[in-house]
Each structure stands twice: as C-alpha cells, then as structure tokens.
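# Close look at the chain arrangement
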Amino acid sequence: MTDKRRISLPPYTRGWFQIGWSSDLKRGELKKIRQFGTSFAMFRGKDGKVGVIDDICPHLGAHFSEGGTVQGNAVRCPYHHWCFDRSGDCVDIPYAKKIPAKARVGTYHVAERYGLIFMYHSQDGASPPAELPMMDDFVEQQYDRPATYEFAIRIHGQDIMENSVDSAHFRAVHGHNTPENFFHEEGKELRITQAVSLRRFGVLLKGRLEFHMIEPGFHYLHFPQVMGTQAQVFSSIVPIDAQSTNHRLTIWIRKSMVPGWSRILRHFVVSEMMRTYHEDMQIWENKEYLPHPVLCDGDGSIMKLRRWYAQFFESTTLDSSGIPIPKSAVDTLACRESA
Ligand code: FES
Ligand SMILES: [Fe+2]
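Below is a short write-up of the structure. (Residues numbered from 1 in each chain as written. Chains lettered and ligands numbered in written order. Predicted model: local features only at pLDDT ≥ 70, side-chain atom pairs only at ≥ 80, totals over all residues. Heavy atoms only, no water.)

## Some points on the coordination of the iron ion (ligand 2)
Each protein donor to the iron ion (ligand 2) is listed here as Asn163 (ND2), His169 (NE2), His174 (NE2), Asp280 (OD) and Asp280 (OD); together their distances run 2.1 to 2.7 Å. Mapped onto the polypeptide sequence, the residues donating to the iron ion (ligand 2) form the spacing pattern N-x5-H-x4-H-x105-D. Owing to a relative accessible area of 9%, His169 belongs among the buried residues under this scheme. (Donors = N, O, S within 2.8 Å, 3.2 Å for Na, K, Ca; no water. Buried < 20%, exposed > 50% of the residue type's maximum accessible area, 1.4 Å probe, protein only.)

## Considering empty space enclosed by the protein
Scanning the entire structure with this criterion turns up 1 cavity of 30 Å³ or more. Computed from the structure, the largest cavity encloses a volume of approximately 100 Å³. Considering each element in turn, the lining of the largest cavity owes the most residues, 3 residues, to strand 16 (residues 229-239). By residue class, the composition of the lining of the largest cavity is 9 nonpolar, 6 polar and 1 charged. (1 Å grid on protein atoms, 1.4 Å probe; cavity = no way out; pocket = protein on both sides within 12 Å on 5 of 7 lines; lining within 4 Å. Points joined across faces, edges and corners; volume = space filled by probe spheres on them. Helix = DSSP H or I, 4+ residues; strand = E, 2+ residues; numbered from the N terminus. Nonpolar A, V, L, I, M, F, W, Y, C, P; charged D, E, K, R; others polar.)

## What to know about the packing of aromatic side chains
A complete count under the given rule lists 18 aromatic pairs for this structure. Here the aromatic rings of Phe40 and Tyr108 are separated by 5.0 Å at their centres, their planes lie at 85 degrees, and the arrangement is edge-to-face. Here the residue Phe40 occupies a position in strand 3 (residues 38-44), and Tyr108 occupies one in the loop between strand 8 (90-92) and strand 9 (110-113), the gap between them amounting to 68 residues. On the basis of relative accessibility, which here comes to 2%, the residue Phe40 falls in the buried class. For the pair Phe218 and Tyr220, a centre-to-centre distance of 6.4 Å together with 90 degrees between the ring planes defines the contact as edge-to-face. For the pair Phe218 and Tyr220, one class covers both residues: buried. Grouped by ring-pair contacts, the aromatic residues Tyr12, Phe17, Phe36, Phe40 and Tyr108 constitute a single cluster. The cationic tip of Arg248 hangs over the ring face of Trp21; the distance from NZ or CZ to the ring centre is 5.9 Å. Sitting over the ring of Phe183, Lys304 keeps its end group 4.6 Å from the ring centre. (Phe/Tyr/Trp six-rings, centres within 6.5 Å; stacked < 30°, edge-to-face > 60°. Lys NZ or Arg CZ within 6 Å of the ring centre and 35° of its normal.)

## Side note on helix 1 (residues 157-165)
Burial within helix 1 is extensive, with 9 of its 9 residues counted as buried. Taken together, the buried positions of helix 1 are occupied by Gly157, Gln158, Asp159, Ile160, Met161, Glu162, Asn163, Ser164 and Val165.

## Comments concerning helix 2 (residues 167-174)
Residues of helix 2 that are buried: Ser167, His169, Phe170 and His174. Each buried residue of helix 2 lies within a common arc of 165 degrees when the element is viewed along its axis, so the set occupies one face. Residues of helix 2 that are exposed and angled more than 90 degrees away from the buried face: Arg171 and Ala172. (Arc of directions from axis to C-beta.)

## Quick word on the sheet that holds strand 7 (residues 83-85)
Taken together, 4 strands build an open sheet; the order of strands is 5-6-7-8 and the sheet is antiparallel. Among the strands making up the open sheet, the edge pair consists of strand 5 (69-71) and strand 8. On average, adjacent strands in this sheet sit at an angle of 40 degrees to one another, irrespective of strand direction. Direction of pairing for strand 7 relative to strand 8: antiparallel, over a ladder of 2 bridges. Opposite Phe84, over in strand 8, you have Cys90 as the bridge partner. (Pairing = 2+ DSSP bridges. Axes fitted to C-alpha atoms, helices over the stretch in contact; angles between N-to-C directions.)

Encoded structure:
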C-alpha cells in the first residue's frame, strides 16, 4: 500500500473505549490489545473480573502478552515469573526475599456491560471523570444474541462518525434517499434522528434511525422500527495508532414472538448493514482528511459534528470556528514565527 497521506488530526481522544467482547475472554485468559499507538495486556482473573495493565514488565521489559499467564487474579511475566495484580502491584517474585517498592505496572479503569469490555483512556493517565455511559432504555435480555464484526481501517475515527451526518453520500454511495438530520444536543452528547427510506425487493422501506454520540468511543444507533421490530447497534471506534482505527460493530435484533422471524430479520438487517458498510469502507480506505473542506448547502452537518468531536481532543489548537488546526500547519506557523 502506498503511504498516501498523513492524517493531520490529533490521533487520540480521552474517554471510554471498547477493547473486546466478554465472550472472547475466558477466566484465566490473557490477550494483547493494540490501541492508542501502544499495547496493553488484558486478562480475566479466577474471580471473573477483567484487568488491563501496561504490556511492559518493569523488571527487564518483557511483554506480558507474549507468553505471560494468569495466576489466580494476577499476571505472571514469562521472563522471570514476577506477578502483578489488577491494581498494578507486584505480588510475587519467586526468587526474592523482598519485593522492590518500585515494582509496579500501569493499570487502567475497566468496565464490562452489554457483553462488551471497555477501558478508560487519557494521555496523562487521569481517572475517568464519570462512570461508563449507558445506552438509553436498552434491556439486553429483550434482544437476541448479537452479531459481531471487527475491522481495521486506515482512517481517523472522526471521519467514521462524520459519515453518519454526511447526507449526500447516502444517495450517491448507498442508493438510499437523502436523509434529513434532526440534532438534539444534551450537554456533551449529540443525538441525531434521521428519517431514511430505501427500495428493496420492489418495496419502499421507511425507517427512523437514532444516533447517540456520547463520546468518540461510545456511539450507538437505535432503530425504533425496522420491519416490525427494533434493532440496536453499538459502534465502537478506537484508534489503533495515528493512521488506523479499529471499528467493532455489535448488532442486536429484538426477540420476536414468531418462531424463526428474528433469525430472518437478523439476516436481512445484518446483510443490509454490512453491504452499506463495505461501500463506505471502499471510500474510507482511500480518502484524505481535509480540515477545511469546500461544502455546499445540501451537505448536512459535517462541521457541527467536527466541533462536537473537538471537545474530546486532549490538547490541541483550534481555529476560530472550533476546528482543530492540522499539526503540520501549527508546526509551519511555529517555524515561521521563530525564523
Ligand atoms: S522481565 Fe518480567 S519478570 Fe523479568
Ligand atoms: Fe455510509
């Protein structure tokens, strides 16, 4: 692949981010998580609780996720078998009489809900100012077992979220009507309702779609009416590094009283969603991020979305309309000023 671009947006935001699915991490399992330009070791102890620690042993630098094991509720390093618990303390060195006070590893706040595992991330390691957000009125037991998908895409997470309010692409890329976006802002959150319609099997299907953008990593869609039922999608957008994003989708369909109907609906909704998703992905993989795009009156609320997103960057320079100034431009400015 050619090195086609350098994304000029700040790569990371603070907040809660999904790092996996509960069913993929059994008791006693340890996994490597590659996110935010580094790697973490995620594990589930004997007590069933999940821990996330930095993936570098403070002893001599081995990676826990490369051959480390879970011992009780702690992680044992593969190199000299030092053990660290979920709070980061070294709890055992098999050959030492005294554990050094500095034998500690960085840890992260973790929460598990809806069958998803989340960690809180901020550049300075600060604690979360609030608990993991919730999905409004979502009762997991009322829905069937979800379908799950995971992709790694060469794009910034903001670009993926922008796609939801990019009205014109729905007709051009997906063959839908051009939806109208109704925005509601509640504090830090952005909620958007879209009226959508598409023709399938010669029938005009109409629906409503509600986007709940709570944080860059906590974003979900609710379909209040889709072929006589409801659907819910958790759309997890997590930076892998400065160039790539991990996008996980968890798709629930509400249980039906009619035997077999949920399965048919699930098949329809999931395949329709994946079709549009792959259409978007073709564009995403090959587009540039333009900090100051040339927009027209039918383009939807792209700049509004960007201003909302900018509040989550940790420290960055914003222009007069609240949009982050690309790092390259700030560097150029600094060079000019110091010349
Ligand atoms: S490097 Fe981890 S125990 Fe030595
Ligand atoms: Fe799209």
